[in-house]
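# Residue-level structural notes
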Amino acid sequence: MDKIKKTPLFKTLIDFIVIIFGAGIAAYALEGILVPNSILDGGVTGISIILNLLFGWKLGILIFLINIPFLYIGYKNLGKKFLVKAVFSILIFSILLEIFHNVGVLTENKLLATIYGSLILGLGVGLVIRSGGCLDGTESVGIVISKNTNISVGQFVLFCNAIIFTVAGFFFGIDRALYSLLAYFITS
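Notes on the structure follow. (Residues numbered from 1 in each chain as written. Predicted model: local features only at pLDDT ≥ 70, side-chain atom pairs only at ≥ 80, totals over all residues. Heavy atoms only, no water.)

### Remarks on the environment of V157
Of note, V157 is situated in helix α8 (residues 153–172). Along the chain, V157 and S140 lie 17 residues apart, while their C-alpha atoms are 9.9 Å from each other. Every residue in contact with V157, bar those within four places of it in the chain, is listed here: E139 and Y184. (Helix = DSSP H or I, 4+ residues; strand = E, 2+ residues; numbered from the N terminus. Contact = heavy atoms within 4.5 Å.)

### Concerning the pattern of salt bridges
Evaluation of the coordinates by the stated rule reveals four salt bridges. Measuring nitrogen to oxygen at the nearest pair gives 2.6 Å for the salt bridge that ties K85 to D15. One end of the pair, K85, is in helix α5 (residues 80–99); the other, D15, is in helix α2 (residues 8–34), with 70 residues separating them in the sequence. Taking the relative accessible area as the measure of exposure, D15 reaches 8% and is therefore buried. Put simply, E98 and K58 hold a salt bridge, and the shortest N to O gap is 3.6 Å. A residue pair is termed long-range when its members are at least 10 positions apart, and E98 in helix α5 and K58 in the loop between α3 (43–55) and α4 (59–78) qualify at 40 residues. (Salt bridge = Lys/Arg side-chain N within 4 Å of Asp/Glu carboxyl O. Buried < 20%, exposed > 50% of the residue type's maximum accessible area, 1.4 Å probe, protein only.)

### Regarding a nonpolar patch on the surface
Nonpolar side chains collect at one region of the surface, where L54, F55, W57, F159, I163, V167, F170 and F171 lie side by side and expose about 860 Å² of accessible area between them. Broken down by secondary-structure element, the contributors of at least two residues to the nonpolar patch are α3 and α8. By residue number, the principal contributor to the nonpolar patch is α8, which donates five residues. If you trace the backbone, F55 turns up in helix α3. (Patch = residues over 30% accessible without salt bridge, like charges linked within 9 Å, V, L, I, M, F, W, Y side chains within 5 Å. Areas by Shrake-Rupley, 256 points an atom, 1.4 Å probe, with all protein chains shown as cover.)

### Considerations on the nonpolar core
Formed by 38 residues in total, the largest nonpolar core has its most connected members in A23, L30, L40, F93 and L97. The contacts of L40, once residues within four sequence positions are left out, are G46, I49, I50, I164, F165, A168, F172, S180 and A183. (Core = buried A, V, L, I, M, F, W, Y, C linked by side-chain atoms within 4.5 Å.)

### Here's the deal with the packing of aromatic side chains
Counted according to the given criterion, the structure contains seven aromatic pairs. The interplanar angle of 80 degrees and the centroid separation of 5.2 Å between the aromatic rings of F170 and F171 together place this pair among those described as edge-to-face. With a centroid separation of 6.3 Å and an interplanar angle of 50 degrees, the aromatic rings of F171 and F172 are classed as tilted. Here the aromatic cluster, defined as three or more aromatic residues joined through ring pairs, consists of F165, Y184 and F185. (Phe/Tyr/Trp six-rings, centres within 6.5 Å; stacked < 30°, edge-to-face > 60°.)

### Things to note about the packing of α3 against α4
Their axes nearest at 9 Å, the elements α3 and α4 cross at an angle of 140 degrees. Between α3 and α4, the angle falls in the class oblique. As α3 packs across α4, the resulting crossing turns out to be right-handed. Counted together, V44, T45, I47, S48, I49, L51 and N52 of α3 and L59, L62, I63, I66, N67 and F70 of α4 form the full contact between these two elements. Its residues placed into classes, the contact of α3 with α4 shows nine nonpolar, four polar and no charged. (Axes fitted to C-alpha atoms, helices over the stretch in contact; angles between N-to-C directions. Parallel < 35°, antiparallel > 145°, perpendicular 65-115°, else oblique. Left-handed = near helix turned anticlockwise from the far one by under 90°. Nonpolar A, V, L, I, M, F, W, Y, C, P; charged D, E, K, R; others polar.)

### Observations concerning α3
For α3, spanning 13 residues, the distance from its first C-alpha to its last is 18 Å, which sits close to the expected 18 Å at 1.5 Å a residue. Taken together, the buried residues of α3 touch α2, α4, α5, α7 (138–148) and α8. Remark: G56 follows α3 within two positions and exhibits a positive phi of approximately 80 degrees. (Expected span 1.5 Å × (residues − 1).)

In structure tokens form, the structure reads like this:
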């Protein structure tokens, strides 16, 4: 059994299982806690949530479609191994978002939703990233930019999220933008 655990195939299988589990946790955090309370995440997910709240378009489909150009950039700069796990992660995440769409809301208290939704989301995202996947393509663009400039991945993502949360404040009110900003920091 120890010999099997050390094989690359076994490690890859475990990575994909953990990605599914992490994507499920993240999808529940969004659909069961954050989105029903109009609290955004950052990056592609944040843009998708804004479009979902404004137009009623399906969140899972938006996340998958908006991530496509970011996946291409990641593939060109990070390779095929990144692409396989990233596409798998985002596809599973998108499907699970649709499955969890009608799950009951855990709480309608905005502060509790922000804190616990973000903690749960951070756990799910962390599991996915630790296994080599990603749920949001903005990080891949941040990696490319950081290789060619003095801007770090974190600075790029923070800049993108500042724009997203400003837009959220415009459409949904400053309190939702501030809750979303708090959620972003807790998730991180």
